[in-house]
Amino acid sequence: DRRVFIMADVRSPEVQKAAEQLLSQEEKWERMSVEDLCAEAQKWGVHGGTTKEQILLSLIQSKKWREMSSLGLAEECRKRQVKIGQNADKAEILRQLQQDMSWNNMDADALKEDCLRAGISLPDETACTAQELRRRCKQVACWDTCSLEMLRDKCTSRNFQQASECTRGELMAFLKTFKTLDPPPAPEPAAPDSSRPTRSEEQPPRSPQQQQQHQHQTPETP
């Protein structure tokens, strides 16, 4: 019985490629540069952040979510206060979780770009912070899960008088402005009826003595 042993150089491309195939996904990510990790995060549908550690954590979390069931993902949404639609499937729940995590990883400039891309109005320059931009993105995502009637109620509460006649797209477009309109002017009081006598023209009430005299003066009917 003869056995043949083949010695291979561990530095050869073939050996290195075989060794990489044995690595787990997390180990492969750890070997990547920040630039490669950013590209990997985009493939996974997340904005991982700016540092290698942050991007790694985002990718690992996204991988865990993909392995969860719909019920597990719904529980994750509850913990993270992510609003999901009543009939959302697993793919939609995963998308919303990844989107929420992406917003948490974004800085103010990235959040501005995301707001403009989604048609969300930016706040005044003095209030245009990452926290406020992030709040607006998450609020719009919450509105997007509402029914048509709920959207109309929310627009009406902001004094949008045409809410009952608008489509869902028009209602969302108004809400994305984050404006509250001035309330409609109060109706003017009705003008007094000129045909009715005023209080000064009305006869003053009669005293008991006057009423008795009036009864004596009134002729009896035959």
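Everything below is about the structure printed above this text.
As a starting point, this report considers the structure included with it. (Residues numbered from 1 in each chain as written. Predicted model: local features only at pLDDT ≥ 70, side-chain atom pairs only at ≥ 80, totals over all residues. Heavy atoms only, no water.)

**A short note on the overall build of the chain**
Within the chain, the secondary structure is distributed over 11 helices and zero strands. Listed N to C, the secondary structure of the chain is α-α-α-α-α-α-α-α-α-α-α in terms of helices and strands. Counting over 222 residues, the chain shows a buried share of 27%. A fraction of 35% describes how many contacts in the chain between residues 6 or more apart in sequence connect residues 24 or more apart. When the accessible area of the chain is evaluated, it comes to approximately 16,700 Å², of which 50% is carbon and sulfur surface. (Helix = DSSP H or I, 4+ residues; strand = E, 2+ residues; numbered from the N terminus. Buried < 20%, exposed > 50% of the residue type's maximum accessible area, 1.4 Å probe, protein only. Contact = heavy atoms within 4.5 Å. Areas by Shrake-Rupley, 256 points an atom, 1.4 Å probe, with all protein chains shown as cover.)

**Thoughts on helix H10 (residues 168-175)**
All of the buried residues along H10 are Leu171, Met172, Phe174 and Leu175. Buried residues along H10 cover an arc of 160° about the axis, so they all sit on one side. As for H10, its buried residues are in contact with helix H8 (130-143) and helix H9 (148-156). (Arc of directions from axis to C-beta.)

**Digging into the packing of aromatic side chains**
Summed over the entire model, instances satisfying the criterion amount to three aromatic pairs. Considering the side-chain rings of Trp29 and Trp44, the 5.4 Å spacing of their centres and the 80° angle between planes classify their relative orientation as edge-to-face. Of this pair, Trp29 sits in helix H2 (residues 25-30) while Trp44 sits in the loop between helix H3 (34-43) and helix H4 (52-66), and the two are 15 residues apart along the sequence. Taking relative accessible area as the criterion, Trp29 reaches 0% and is therefore assigned buried. Looking at Arg136, its charged tip hangs above the ring of Phe178, at a distance of 4.6 Å from the centre. (Phe/Tyr/Trp six-rings, centres within 6.5 Å; stacked < 30°, edge-to-face > 60°. Lys NZ or Arg CZ within 6 Å of the ring centre and 35° of its normal.)

**Considerations on the nonpolar core**
Counting residues in each nonpolar core, the largest one holds 22 residues, and the members touching the most others are Trp143, Leu151, Cys155, Phe160 and Leu171. Those elements that place two or more of their residues in this core are helix H7 (108-118), H8, H9 and H10. In contact with Leu171, other than residues within four places in its own chain, are Leu148, Leu151, Arg152, Cys155, Phe160, Ala163 and Cys166. If you look at the next biggest cluster of nonpolar residues, it comprises 16 residues, including Ala41, Trp44, Ile93 and Leu94. (Core = buried A, V, L, I, M, F, W, Y, C linked by side-chain atoms within 4.5 Å.)

**What about H8?**
Taking 1.5 Å per residue, 14 residues should reach 20 Å; H8 reaches 20 Å between its end C-alpha atoms and fits that length. Where H8 is concerned, the buried positions are Glu132, Leu133, Arg134, Arg136, Cys137, Val140 and Trp143. On the buried face of H8, the contacting elements are helix H6 (90-105), H7, H9 and H10. (Expected span 1.5 Å × (residues − 1).)

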